[in-house]
Amino acid sequence: MADEAYHRILLKLSGEALLGNEDYGIDPNMIHRIAVEIANVTRLNIQIAVVIGGGNIFRGAGLAESGIDRVTGDHMGMLATVMNSLALQDALLGIGVDARVMSAISIHDVCEDYIRRRAIRHLEKGRTVIFAAGTSNPYFSTDTAAALRALEVRAQIVAKATRVDGVYDKDPEKHPDAVIYKEISFHEVLSRSLRVMDASAVAMCRDNNLPILVFNLNVAGNIMRMAMGESIGTLIH
């Protein structure tokens, strides 16, 4: 694993990460804790871009299973990510961190449109940039959006925050004897169908030599440990 701080990070948060102790929506205490941890990192002049899922509100694939058209469901999921992104922006601004939401779909009265060069400029000025609405395309997950945006803004790593400590050989929430990997190759993740991120996101990172770090968001201070290159979670490279 890396032994020094990264310069620019793409942090991938699931929508479920914002649930905290709630059954639906956003737990204010949880989003405040995430904002504080991001703030602590940015104050070390480490640049952070964020992609948030929308599963705490709507998930396109789940809506499709209930009978809603898949494209319509995915568009609803994109709007859910905008809501989550605005909530994180508000939490960051509330503690003095300059932040911008940039959406892949145009919602001019709510947030900025995603423009790659403008996003890079925001990061260079020390602002936290939150990428909303995925890639703007149905059938593509926010995992794929995270990989795409990381490559576009030249992040050094995709840091995926999860509910578990890293990548296991099987689901640790169902199998107590599951074994964690400290490091694993892209090829092994794909060939063994390990459900870390969508295969398209992993393949995109593999093809562009962009490492992925999977770590536990529920351990306080882990965003800082990740940013400083400490040996936590699982490194996919």
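Look a little higher up for the structure.
Bear in mind the structure is a predicted one, so any value in this text is a computation, not a measurement.

(A) Looking closely at the side chain of asparagine 216. Its place among the elements puts asparagine 216 in strand E10 (residues 212-216). The contact partners of asparagine 216, leaving out residues within four places of it in the chain, are Thr162, Arg163, Val164, Asp165 and Asn222.

(B) Geometry of the nonpolar core. Membership of the largest hydrophobic core comes to 41 residues, with the highest contact counts inside it found for Leu11, Leu88 and Met226. Discounting chain neighbours no more than four positions away, the residues touching leucine 88 are Leu13, Ile31, Ile34, Ala35, Ile38, Val50, Ile52 and Ile130. In this structure, Phe131, Ala150, Val167 and Met197 belong to the second largest nonpolar core, which totals 31 residues.

(C) Looking closely at helix H5 (residues 142-152). Across the eleven residues that make up H5, a large majority, eight, are buried. Considered for burial, the residues of H5 that qualify are Thr142, Asp143, Thr144, Ala145, Ala146, Ala147, Arg149 and Ala150. Considering only its buried residues, H5 is in contact with strand E1 (8-13), strand E2 (47-52), helix H3 (70-94), strand E5 (128-132), strand E6 (157-162) and helix H7 (199-207). Between a side-chain oxygen at the N-terminus of H5 and the backbone nitrogen of aspartate 143 the separation is 3.2 Å; the capping residue is serine 141. Among the residues trailing H5, arginine 154 stands out with phi positive, at a value near 60°.

Reading guide: rules and limits
- Each chain carries its own residue numbering, running from 1 in the direction its sequence is written.
- Where local features are concerned, this predicted model is filtered to residues with pLDDT of at least 70; where side-chain atom pairs are given and counted, the filter is 80 or more; whole-chain, interface and lining totals use all residues.
- As a rule here, side-chain values cover all heavy atoms of the structure and leave hydrogens and water aside.
- In this text, helices come from DSSP runs of H or I with a minimum length of four residues, and strands from runs of E with a minimum of two, each type numbered from the N-terminal end.
- Contact definition: two residues touch when any of their heavy atoms are within 4.5 Å.
- In this description, a nonpolar core means a group of buried Ala, Val, Leu, Ile, Met, Phe, Trp, Tyr and Cys residues linked to one another through side-chain atoms lying within 4.5 Å.
- Exposure is judged per residue with a 1.4 Å probe applied to protein chains only, and the accessible area is read against the type maximum: over 50% gives exposed, under 20% gives buried, and values in between give partly exposed.
- Residues adjacent in sequence count toward polar contacts only when both atoms are side-chain atoms; beyond that, a polar contact is any pair of N or O atoms within 3.5 Å, and within protein one must be able to donate a hydrogen and the other to accept it.

Everything listed here is a matter of geometry and, on its own, says nothing about what the molecule does.
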